[in-house]
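Residue-level structure breakdown
Residues per chain, in single letters:
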Amino acid sequence: MFGKRRQKKQDRSQNQSSGQAKTQLTFEQLMEKCRASKDFVSFTKSDKHPFTISYYKSMVNPELVHKDLIPYLTSCSSLSLKELSQEIPVENIEHTSDVQTIMDSVLTGSVIVQSRPGKNDCLLIPAATAEKRQISVPETEFSVVGPKEAFIETLEVNINMVRKRLPIPELHVKEVTVGKLSKTRVVILYIDGIVNMENVNTLKQRISDIEYDHILDSTYILQMISDDQYSPFPQLINTERPDRVAAVLSEGKVAVLVDGSPSALTGPTTLVEFFSAFEDYFLSWHIASVFRMIRLFGVLFSVLSTPLYVAVLTFHYEMIPTDLLGTLIASRSGIPFPPIVEAIILELSIELLREAGARLPSKVGQTIGIVGGIVIGTAAVQAGLTSNVLLIIVALAALASFTTPVYQMSNTIRLIRFPFLIFAQFWGMLGVAFCSAFILGHMLRLTSLGRPYLAPLFPLRITDLKDALFRLPFNRQSLRPMQMRPADPVRFNSQRGKQKNDIEE
């Protein structure tokens, strides 16, 4: 078996080396390939000015070329390329004859300047067009209180929004290029002196080992570097808020930004973080703790309410109170299906409405969701296909699932509800217990960048419980989360703060 693995690695390395050999082009072959595209421009200004200019007009800012670059080439026609690079007032000009460097630069918006068409050495002048949309309000992580900025698709702007909140030289940015076709820029952000470098090295290695032809969004990276790619639970947080990224970086975590993606990845993460809205830190700790407990209750209710209904009506009638038994019998009279069938019908109807509302334009989607839910629910009860009690339970369960602040975890909650229904149909309450134990055991084994997924609950970290199921005041959180094993665990000196308060009093 080990011989087969070794042979596969050798075959892969041989294929990579042969592929690299095939991609080695001469300068003339590169220019011939580029000229095959309609948007590639190559011209010489005149015989008196022998510089040849070549670029992709769809990638280059034409105003910079015609108003800034060409006048300098006209006035400096007697200079060599090396001397010309000192005269043109553009930064990061590169003088090279390496074909691979020329190809990478021209495809990212650089202008090729040659002294004469026959020579391979040239100047690479950055002139990429800077098309970007305006910074907008967060859509999936909207907050009533706090900042109203969200990431956009431009990498430099996203890094700027993080640096604006952390203006320190210890904030390091490391860049990696991923994707054989897309050549996507991926940056890793961390604070030197606070972060555990094991997390940085693990993340950098996993991103560098990605073998895929195109990376279009950060969610591609999320799926490829997760510890367990077969788990339905997300192991990194995908956020569109730069303030959240700045906060987790100060805790000793690592962030990933992808060029062309309006969201960032943060990790290592834990299960309780998916139920903590960042708005909790803008409210008083009493209100934030109550809201966080309501979200946790909403998740449990969303997952267990419908399976418990099926289990009780199928196996455990004796658990129903006498006063409620008459109502349930009246609601189910005339229904031809067992509880599991009517539960699946309603659950699938809710999922169809939710998908239709998400895929349609916003105004039409809201109308479809509201009108469709009322019409279908009322018609199903009047037609005798489902009971009105189950309709209320399913509607409340769907409403409770929306309380999850992170969208990826809300999708997981929608998914795991169906295994609970199947187990409840076959084994009743025992089946619900079996399914709960299976999911709990899976989460106990799950990790995020090698860190326990259920921390600080397991393994138990008493100091980290101050910001887990509930949130204590900021003056009680003098230490960073210990499950991250930060290099500097101390946020501030709590004793000095208490002494200052005593003096002021």
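Further up the page is the structure itself.
Overview of the structure. (Residues numbered from 1 in each chain as written. Predicted model: local features only at pLDDT ≥ 70, side-chain atom pairs only at ≥ 80, totals over all residues. Heavy atoms only, no water.)

**A look at the overall build of the protein chain**
Looking only at helices and strands, the protein chain has 16 helices and twelve strands in total. Burial statistics for the protein chain: of 505 residues in total, 42% are counted as buried. Considering only contacts in the protein chain between residues 6 or more positions apart, those separated by 24 or more positions represent 63%. (Helix = DSSP H or I, 4+ residues; strand = E, 2+ residues; numbered from the N terminus. Buried < 20%, exposed > 50% of the residue type's maximum accessible area, 1.4 Å probe, protein only. Contact = heavy atoms within 4.5 Å.)

**Here we look at the packing of aromatic side chains**
What the rule picks out here adds up to eight aromatic pairs. Centroid distance Phe278 to Phe282: 5.4 Å. Interplanar angle 85°. Geometry classified as edge-to-face. With relative accessibility at 31%, the residue Phe282 sits in the partly exposed group. Sitting above the plane of the Phe474 ring, Arg471 keeps its charged end 4.7 Å from the centroid. (Phe/Tyr/Trp six-rings, centres within 6.5 Å; stacked < 30°, edge-to-face > 60°. Lys NZ or Arg CZ within 6 Å of the ring centre and 35° of its normal.)

**Regarding the side chain of Asn196**
Following the sequence through the fold, Asn196 ends up in the loop between strand S7 (184-191) and helix H7 (197-208). The buried category is assigned to Asn196, whose relative accessible area is 14%. From its side chain, Asn196 meets the backbone oxygen of Arg485 in a polar contact 3.1 Å long. In this structure, Asn196 is in contact with Gly252, Arg451, Met484, Arg485 and Ala487, ignoring residues within four places of it in sequence. (Polar contact = N/O pair within 3.5 Å; in protein donor to acceptor, adjacent residues only side chain to side chain.)

**A look at the sheet that holds strand S5 (residues 122-126)**
Picture the strands of a sheet paired through backbone hydrogen bonds; they go either parallel or antiparallel. Strand order across the open sheet formed by five strands is S1-S2-S4-S5-S3, with antiparallel pairing between neighbours. A strand with exactly one partner marks an edge of an open sheet, and here the two such strands are strand S1 (40-44) and strand S3 (94-96). Taken over all neighbouring pairs, the strand axes of this sheet differ in orientation by 20° on average, direction set aside. Judged from the five bridges that link them, S1 and strand S2 (residues 52-56) form a sheet pairing that is antiparallel. Of the residues in S2, the one forming a bridge with Val41 is Tyr55. (Pairing = 2+ DSSP bridges. Axes fitted to C-alpha atoms, helices over the stretch in contact; angles between N-to-C directions.)

**Description of the packing of helix H10 (residues 285-315) against helix H12 (residues 339-359)**
Across the interface, H10 lies against H12 with an axial gap of 9 Å and an inter-helix angle of 160°. It follows from the interaxial angle that H10 and H12 lie roughly antiparallel. Remark: the crossing between H10 and H12 carries right-handed chirality. Facing Thr306, Tyr309, Val310, Leu313 and Thr314 of H10, the residues of H12 in contact are Pro339, Ile340, Glu342, Ala343 and Glu347. Among the residues making up the contact of H10 with H12, the classes are represented as six nonpolar, two polar and two charged. (Parallel < 35°, antiparallel > 145°, perpendicular 65-115°, else oblique. Left-handed = near helix turned anticlockwise from the far one by under 90°. Nonpolar A, V, L, I, M, F, W, Y, C, P; charged D, E, K, R; others polar.)

**Remarks on the pattern of salt bridges**
Tallied over the entire structure, the rule returns 22 salt bridges. With a closest N to O distance of 3.7 Å, Glu251 and Lys253 form a salt bridge. For Lys253, a relative accessible area of 2% puts it in the buried group. What you see here is one network of salt bridges that share partners, running through Glu347, Glu351, Arg354, Glu355, Arg414 and Arg417. (Salt bridge = Lys/Arg side-chain N within 4 Å of Asp/Glu carboxyl O.)

**Section: the environment of Lys38**
You can see Lys38 is positioned in the loop between helix H2 (27-35) and S1. The spatial distance from the C-alpha of Lys38 to the C-alpha of Lys57 is 9.4 Å, given a sequence separation of 19 residues.

**Looking at the packing of helix H6 (residues 155-165) against helix H9 (residues 242-250)**
For the pair H6 and H9, the least separation of the axes is 9 Å and the interaxial angle reads 55°. Taken together, the axes of H6 and H9 are oblique relative to one another. Crossing geometry of H6 relative to H9 is assigned as right-handed. Between H6 and H9, the residues in contact are Met161, Val162 and Arg165 and Pro242, Asp243, Val245, Ala246 and Leu249, respectively. Class assignment for the residues of the contact of H6 with H9 results in six nonpolar, no polar and two charged.

So, to be careful, I would describe these as geometric facts and stop short of saying anything about function.
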